[in-house]
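What follows is each chain in one-letter form.
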Amino acid sequence: MIGSATGGKQKQIAREEASGIAKWSRNNRRAITSTLFLIVMLIGFTMANPEVFSQFKTYRSVMIALPVSIFLVVPLVFVVTAGEIDLSFPSVVGLASYAFVSIVDQGGDPLVGIAAALLVGAFLGFLNGILVVRIGLSALVATLGMNFFLRGLINILVEGFSIAIPEIRGSFIHTLLTDDTIMIVENQGIPNQMLWALAFTALGVFLYNRHSFGVRVHCVGDNPESAAEMGIDVDRTRILVFVFTGIGAALAGVFSVMINFVWWPTTGDGLLLPVLAGLFVGGTPTWGGIGTVFGGSIGTSIVAFIETGVIAAGLTGFFTQFFYGLIIILSLIFQRFNGGRVR
């Protein structure tokens with residue numbers, strides 16, 4: 001009797017564990033699909049050129065610039081889940097990083113420069129939120145217009161001139177943010193900016209899945225009328241997701257300057273399409289209410305590895321856009337069959 005009871009209890013525990021795993025897989029299927037797609041893609045690139053993709057420096061070269069996109073895609077998941085879109089982030093990157101580099105160039109403390117960049121990013125995000133939420137403009141049109149407006153403002157301020165800050169090399173803040181701490185091979189390690197990006201992703205996952213803010217964002221994106229009846233301040237939540245995007249863009253701008261030691265008037269310009277591609281490839285659909293922060297980070301990694309893989313495979317740069325489109329379409333097809341529109 002005791003043996004039978006023990007065996008029954010073990011079977012029940014096994015069923016509960018299997019049920020828990022199935023539930024976890026179901027809830028995270030979009031992120032899992034994106035991760036599997038990245039693995040398959042890297043295996044394909046490795047087969048095409050084992051010599052390149054068997055070396056750590058190949059992955060390190062991608063990890064140097066990849067964090068810039070991750071700082072952008074994490075808050076964008078919140079924006080799209082809330083049923084909005086923000087196309088102004090490339091210029092917010094440029095203006096926020098201009099605030100940072102201007103202070104450092106004048107001999108100011110880099111920490112003060114970072115604080116200034118974050119304030120600029122948060123204010124611009126707040127301004128976008130006011131335009132969309134309070135004034136009632138279309139998020140697509142308003143943020144696209146803001147993107148052009150801010151880029152024009154940058155060009156007026158600097159008249160096309162760049163700003164170099166080589167003096168920041170070797171400083172404490174530069175070492176903390178962009179040096180190599182975890183060494184993998186001789187003289188090569190994981191760039192610190194990648195570790196900061198992973199920490200930012202972890203914060204985003206926590207806020208999105210475990211915090212009341214993420215719950216409010218999901219409810220607002222799924223059904224704003226029902227969210228309001230539940231006592232959620234819908235307008236405040238929508239404004240906050242734009243503020244969060246501005247803060248992410250400011251961090252992206254600061255790290256971009258830290259990596260290159262130079263600020264250009266075009267800083268952030270080339271990020272719009274790759275970041276949006278990574279967002280949707282990662283499994284966040286366009287209709288709001290659902291998304292995946294971890295999947296968004298994986299999606300940006302997929303996009304980041306495409307150009308490296310195409311060149312390593314022996315193809316010319318002319319194939320890059322072709323494979324961008326092909327991989328984006330294929331990944332979206334996988335996402336489509338992996339789960340339809342769930343409300």
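Located above this text is the structure these notes cover.
Enquirer: Honestly, the overall build of the chain in this entry has me stumped. Any pointers?
Expert: When helices and strands are counted, the chain shows 15 helices and 4 strands. The globule rule puts the C-alpha radius of gyration for 343 residues at 20 Å, and the 22 Å found for the chain is close to it. Along the first, second and third principal axes, the C-alpha set of the chain runs to 85 × 60 × 40 Å. By the burial criterion, 47% of the 343 residues in the chain qualify as buried.

Enquirer: Is there a simple way to think about the packing of helix H10 (residues 212–222) against helix H12 (residues 234–260) in this case?
Expert: Packed helices, taken two at a time, are described by their axes: the angle between them and the distance between them. Put simply, H10 and H12 touch, their axes get as near as 10 Å, and they point 110 degrees apart. For the element pair H10 / H12, the angle class is roughly perpendicular. On the side of H10, the interface is formed by Phe213, Arg216, Val217 and Val220, while H12 contributes Val234, Arg236, Thr237, Arg238, Leu240 and Val241. A breakdown of the residues in the contact of H10 with H12 according to their chemical character gives 6 nonpolar, 1 polar and 3 charged.

Enquirer: Can you walk me through the nonpolar core in this structure?
Expert: In terms of nonpolar packing, the biggest core is built from 82 residues, with Phe78 and Phe100 touching the most fellow members. Sorting elements by how many residues they give to this core places helix H4 (residues 56–81) first, with 15 residues. Discounting chain neighbours no more than four positions away, the residues touching Phe78 are Gly204, Leu207, Tyr208, Phe213, Val217, Val241, Phe244 and Val293. Ranked by size, the runner-up nonpolar core spans 5 residues in total, among them Cys219, Ala227, Ile232 and Val234.

Enquirer: So what exactly am I meant to see when it comes to H4 here?
Expert: Because each turn of an α-helix spans 3.6 residues, side chains separated by three or four positions end up pointing in the same direction. The terminal C-alpha atoms of H4, which comprises 26 residues, lie 35 Å apart, in line with the 38 Å expected from a rise of 1.5 Å per residue. Of all the bends in H4, the greatest reaches close to 40 degrees and is centred on Ala65; the proline Pro67 follows between one and four positions later. The buried fraction of H4 is high, at 20 of 26 residues. Of the residues one or two after H4, Gly83 is the one with positive phi, at around 85 degrees.

Enquirer: Looking at this model, I keep getting lost on the packing of aromatic side chains. Mind explaining?
Expert: Think of a pair of aromatic rings as described by two things: how far the centres are apart, and how the planes are tilted against each other in angle. For the structure on display, the rule yields 10 aromatic pairs. With centroids separated by 5.7 Å and ring planes inclined at 25 degrees, the aromatic side chains of Phe45 and Phe53 adopt a geometry described as stacked. An identical accessibility class is assigned to Phe45 and Phe53; each is buried. Measuring from centroid to centroid gives 6.0 Å for Phe53 and Tyr59, while their planes differ by 80 degrees, and the two rings are edge-to-face.

Enquirer: Which parts of the structure should I look at to understand helix H5 (residues 89–105)?
Expert: Taking 1.5 Å per residue as the helical rise, H5 with its 17 residues ought to reach 24 Å, and the 24 Å between its terminal C-alpha atoms agrees with that figure. Within H5, 13 of the 17 residues are buried, which leaves the element mostly enclosed by the surrounding structure.

Enquirer: What's the story with the environment of Leu176 in this structure? I'm lost.
Expert: With respect to the helices, strands and loops of the structure, Leu176 is situated in helix H8 (residues 172–178). Given a relative accessible area of 36%, Leu176 falls into the partly exposed group. Counting along the chain gives 86 residues from Leu176 to Val262, while the straight-line C-alpha distance between them is 18 Å. Leave out the neighbours within four places in its chain, and Leu176 touches Asn192 and Trp196.

Enquirer: Honestly, the side chain of Asn147 in this entry has me stumped. Any pointers?
Expert: By the secondary structure assignment, Asn147 is in helix H7 (residues 139–158). Beyond its immediate stretch of four places on either side in the chain, Asn147 contacts Leu87, Ser88, Pro90 and Ser91.

Enquirer: Looking at this structure, I do not really get the pattern of salt bridges. What am I missing?
Expert: Opposite charge on two side chains permits pairing when their charged atoms draw close. Taken as a whole, this structure holds 5 salt bridges when the rule is applied. Across the pair Arg60 and Asp180 runs a salt bridge whose closest N-O atoms are separated by 2.9 Å. Remark: Asp180 occurs in strand S2 (residues 180–185) and Arg60 occurs in helix H4; sequence separation between them is 120 residues. Given a relative accessible area of 22%, Arg60 falls into the partly exposed group. Two residues, Arg238 and Glu84, come together in a salt bridge whose shortest N-O distance is 2.8 Å. Linking Arg238 in helix H12 with Glu84 in the loop between H4 and H5, this pair joins segments that are 154 residues apart in sequence. Of the residues examined, Glu84 reaches a relative accessible area of 13% and is grouped as buried. Through salt bridges with shared partners, a single ionic network connects Glu84, Arg134, Asp235 and Arg238.

Cut-offs used in this document
Along each chain, residues carry numbers from 1 onward, in the same order as the chain's sequence is written. Residues qualify for local features only when their pLDDT is at least 70, as the model is predicted, and side-chain atom pairs are given and counted only at 80 or more; totals for whole chains, interfaces and linings, by contrast, use all residues. Remark: hydrogens and water are excluded; side-chain values derive from all non-hydrogen atoms of the structure. For the purposes of this entry, the term helix denotes a DSSP run of H or I that reaches at least four residues, the term strand denotes a run of E that reaches at least two, and both are numbered from the N terminus. With the radius of gyration taken over C-alpha atoms, the globule rule is written as 2.2 Å times the number of residues to the power 0.38. Summary of the burial criterion: residues with accessible area below 20% of their type's maximum are buried, those above 50% are exposed, and those between are partly exposed, where the area comes from a 1.4 Å probe applied to protein chains only. Note on geometry: axes are C-alpha line fits, over the in-contact stretch for helices, and angles between N-to-C directions span 0 to 180 degrees. Any angle between 65 and 115 degrees counts as roughly perpendicular, while under 35 counts as roughly parallel, over 145 as roughly antiparallel, and the rest as oblique. Between two residues, a contact is recorded if the distance between any of their heavy atoms is within 4.5 Å. Side-chain classes follow a simple rule in which Ala, Val, Leu, Ile, Met, Phe, Trp, Tyr, Cys and Pro form the nonpolar group, Asp, Glu, Lys and Arg form the charged group, and the remainder, Gly included, forms the polar group. Buried residues of nine kinds, namely Ala, Val, Leu, Ile, Met, Phe, Trp, Tyr and Cys, make up a nonpolar core once their side-chain atoms join them within 4.5 Å. A helix is expected to reach a length of 1.5 Å times the quantity of its residues less one. The angle between axes fitted to the seven residues ending at a residue and the seven residues starting there is what we call the bend at that residue. Only Phe, Tyr and Trp rings are paired, with Trp represented by its six-membered ring, and only when their centres lie within 6.5 Å; those with planes under 30 degrees apart are stacked, over 60 edge-to-face, the remainder tilted. Think of a salt bridge as a Lys or Arg side-chain nitrogen and an Asp or Glu carboxyl oxygen that are within 4 Å of each other.

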